[in-house]
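In case you want the letters, here they are:
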Amino acid sequence: MRTILNLIWLVLSGFWLFLGYVAAGVVLCILIITIPWGIASFRIGLYALWPFGRTVVDKPSSGAFSFLGNVIWVILAGWWLALAHIVSGIALCITIIGIPLGIADFKMVPISLAPLGKEIVPTGGEFDQAVARG
């Protein structure tokens, strides 16, 4: 089921969102000092390309610098990437088939606003078993 949702997502929304994140990442990497934000943009872009079967969790080692970095991120690129997720989510929710995809799009808004201090991990399978074991 995840593969089907990812394929539909890729065609309807994921590819275009991915291009937005790549564009932001390229611009941020060109500006040398903002390379860490560019890398975060590429990481979140890959998540936006193929989101089902993965989830976002907080990094336990993140602290005040992640917060400050996220403030800078919102100013540089986060606000328009979040806006792209909102517009895409509304467009997807117009059809019944698109509603689950639209909801997934809305769930990506927080990470598009604050990607630093977050980690993308697989859901189900090995990861859940490792967490259950401690």
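About the thresholds
- Residues numbered from 1 in each chain as written.
- Predicted model: local features only at pLDDT ≥ 70, side-chain atom pairs only at ≥ 80, totals over all residues.
- Heavy atoms only, no water.
- 1 Å grid on protein atoms, 1.4 Å probe; cavity = no way out; pocket = protein on both sides within 12 Å on 5 of 7 lines; lining within 4 Å.
- Points joined across faces, edges and corners; volume = space filled by probe spheres on them.
- Helix = DSSP H or I, 4+ residues; strand = E, 2+ residues; numbered from the N terminus.
- Nonpolar A, V, L, I, M, F, W, Y, C, P; charged D, E, K, R; others polar.
- Expected span 1.5 Å × (residues − 1).
- Bend = angle between axes of the 7 residues up to and from the residue.
- Buried < 20%, exposed > 50% of the residue type's maximum accessible area, 1.4 Å probe, protein only.
- Contact = heavy atoms within 4.5 Å.
- Patch = residues over 30% accessible without salt bridge, like charges linked within 9 Å, V, L, I, M, F, W, Y side chains within 5 Å.
- Areas by Shrake-Rupley, 256 points an atom, 1.4 Å probe, with all protein chains shown as cover.
- Salt bridge = Lys/Arg side-chain N within 4 Å of Asp/Glu carboxyl O.
- Polar contact = N/O pair within 3.5 Å; in protein donor to acceptor, adjacent residues only side chain to side chain.
- Arc of directions from axis to C-beta.

Chemist: Would you mind going over the layout of surface pockets with me for this structure?
Modeler: A water-sized probe, rolled over the atoms, reveals where empty space remains. Of the volumes computed, that of the largest pocket is approximately 240 Å³. Considering the residues around the largest pocket, the lining is formed by 14 residues, among which Tyr 47, Thr 55, Ala 104, Lys 107 and Met 108 are closest to the centre. Sorting the residues of the lining of the largest pocket by element identifies β1 (54–58), α4 (99–107) and α5 (109–113) as the ones contributing at least two each. Among the residues making up the lining of the largest pocket, the classes are represented as 10 nonpolar, one polar and three charged.

Chemist: I keep staring at helix α3 (residues 64–92) and nothing clicks. Help me out?
Modeler: Residues separated by three or four positions in an α-helix point in the same direction, a consequence of the helix having 3.6 residues per turn. The first and last C-alpha atoms of α3 sit only 36 Å apart over 29 residues, clearly below the 42 Å expected at 1.5 Å per residue. At Val 74, α3 shows its strongest bend, of approximately 65°. Taken together, the buried positions of α3 are Ser 66, Gly 69, Asn 70, Trp 73, Ala 77, Gly 78, Leu 81, Ala 82, His 85, Ser 88, Gly 89 and Leu 92. Against α1 (2–30), α2 (35–49), α4 and α5 lie the buried residues of α3.

Chemist: When you look at a nonpolar patch on the surface in this model, what are you seeing that I'm missing?
Modeler: A grouping of Phe 65, Phe 67, Leu 68, Val 71, Ile 72, Ile 75 and Leu 76 is seen on the molecular surface, where their side chains present a nonpolar patch of about 750 Å² in accessible area. As for its placement among the helices and strands, Leu 68 is situated in helix α3.

Chemist: Any chance you could explain the side chain of His 85 here in plain terms?
Modeler: Among the secondary structure elements, His 85 is positioned in helix α3. Exposure remark for His 85: the relative accessible area of 0% places this residue in the buried category. Within the local environment of His 85, its side chain forms a polar contact with the side chain of Tyr 21, the two groups lying 2.8 Å apart. Ignoring any residue separated from it by four or fewer positions in sequence, one finds His 85 in contact with Leu 17, Tyr 21, Asp 105, Phe 106, Met 108, Val 109 and Ser 112.

Chemist: It is not clear to me how α4 should be interpreted in this structure. Could you clarify?
Modeler: The complete set of buried residues in α4 reads Leu 101, Gly 102, Ala 104 and Asp 105. When α4 is viewed along its axis, its buried side chains cluster within an angular range of 160° and face the same direction. Against the buried residues of α4 lie α1, α3 and α5.

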